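Observations on the model geometry
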Amino acid sequence: MKITHFTYLVREYDEAIAWFTRVLGFALVEDSDLGGGKRWVLVEPDGGGVRLLLAKAVGEQADHIGRQGGGRVFLFSQTDDFARDHATFAARGVHFIEPPRHEAYGTVAVFEDLYGNRWDLIEPKG
C-alpha cells in the first residue's frame, strides 16, 4: 500500500491551481467537474510524488485553511538543487519566513504557501 494523494483545503480552486502550477511548478494532473460546485483537482510536484487533492473548503472547514499543520511545517518539498529552487521560488514571490540554514541533515528554509501553511524546502546531505 502507498499514499497517492491527500486533501489540501483551498478557498477557490482556480487561485490554488494557479499558485501551485505557476509558483511552485506543479503539474495539473486532473480537473474534473463533480457537479454542485465541486471539482476533483489533483496537482503533483515536478518529478512526481504524492499528489495534492485541492478541495474547496465549505462551512467550518474554511477555519482550517492555512492551518492544516497546526502552525508547524506541514509539507516537505525535497530538491536536488536548493540554491536553484530557492532562487526560483523567491523570484516567483514565495514568502520564506527564514533564511536558508545548514543542518546536519541538509540545507533547509521554511516558506509559506498562498494560505500560510508552512513548508520546508530541503536538500538532504549526501
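Everything discussed here concerns the structure shown above.
One structure accompanies this document, and this report is about it. (Residues numbered from 1 in each chain as written. Predicted model: local features only at pLDDT ≥ 70, side-chain atom pairs only at ≥ 80, totals over all residues. Heavy atoms only, no water.)

1. Comments concerning the overall build of the protein chain
- A count of helices and strands for the protein chain gives two helices and nine strands.
- Secondary structure elements in the protein chain, listed N-terminal to C-terminal, are β-α-β-β-β-β-α-β-β-β-β.
- At 15 Å, the protein chain has a C-alpha radius of gyration in line with the 14 Å of a compact globule built from 126 residues.
- When its C-alpha atoms are laid out on the principal axes, the protein chain stretches across 50 × 35 × 30 Å.
- A buried classification covers 34% of the 126 residues belonging to the protein chain.
- When contacts within the protein chain are restricted to residue pairs at least 6 apart in sequence, long-range pairs at least 24 apart make up 54% of them.
- Of the roughly 7,500 Å² of accessible surface on the protein chain, a fraction of 50% belongs to carbon and sulfur atoms. (Helix = DSSP H or I, 4+ residues; strand = E, 2+ residues; numbered from the N terminus. Rg over C-alpha atoms; globule rule 2.2 N^0.38 Å. Buried < 20%, exposed > 50% of the residue type's maximum accessible area, 1.4 Å probe, protein only. Contact = heavy atoms within 4.5 Å. Areas by Shrake-Rupley, 256 points an atom, 1.4 Å probe, with all protein chains shown as cover.)

2. Remarks on the packing of aromatic side chains
- Under the defined criterion, the tally for this structure stands at 10 aromatic pairs.
- With a centroid separation of 5.3 Å and 90° between ring planes, the pair formed by Y8 and F20 is classed as edge-to-face. Separated by 12 residues along the polypeptide, Y8 in strand 1 (residues 5-10) and F20 in helix 1 (residues 13-23) bring together distant segments of the chain.
- Classification of Y8 as buried rests on a relative accessible area of 0%. (Phe/Tyr/Trp six-rings, centres within 6.5 Å; stacked < 30°, edge-to-face > 60°.)

3. A word on the pairing of strand 2 (residues 27-35)
- Bridge analysis of strand 2 against strand 3 (residues 38-44) gives seven bridges, and the strand direction is antiparallel. Bridge assignment links G35 to a residue of strand 3, and that residue is K38.
- Here strand 2 folds back onto strand 3, and the loop between the two strands holds two residues, one of which, G36, carries a positive phi near 65°. (Pairing = 2+ DSSP bridges.)

4. What to know about the sheet that holds strand 3
- Spatially, 1-4-3-2 is the arrangement adopted by the four strands of the open sheet, whose pairing is mixed. Two strands lie at the open edges of the sheet, namely strand 1 and strand 2, each paired on one side alone. Mean inter-strand twist for the sheet, computed between neighbouring axes without regard to direction, equals 25°.
- Relative to strand 4 (residues 51-56), strand 1 runs parallel, the two being bridged by six bridges. Following the sheet pairing, Y8 is matched in strand 4 by L54. (Axes fitted to C-alpha atoms, helices over the stretch in contact; angles between N-to-C directions.)

5. Notes on the side chain of T107
- Within the secondary structure layout, T107 lies in strand 8 (residues 106-112).
- Classification of T107 as buried rests on a relative accessible area of 15%.
- Here H102 takes part through its side chain, which lies 3.0 Å from a polar atom of the side chain of T107.
- When neighbours within four sequence positions are excluded, T107 is seen to be in contact with F82, R101, H102, L121, I122 and E123. (Polar contact = N/O pair within 3.5 Å; in protein donor to acceptor, adjacent residues only side chain to side chain.)

6. Overview of helix 2 (residues 82-91)
- Those residues of helix 2 lying buried are F82, D85, H86 and F89. All buried residues of helix 2 fall inside an arc of 100° around its axis, so they share one side. Exposed side chains of helix 2 directed beyond 90 degrees from the buried face belong to A83 and A91.
- Looking at the packing, one finds that the buried side of helix 2 touches helix 1, strand 6 (95-96), strand 8 and strand 9 (118-124).
- Note on helix 2: the residue one or two positions beyond its end, G93, has a positive phi of about 95°. (Arc of directions from axis to C-beta.)

All quantities given are derived from atomic positions and should not be read as evidence of function.
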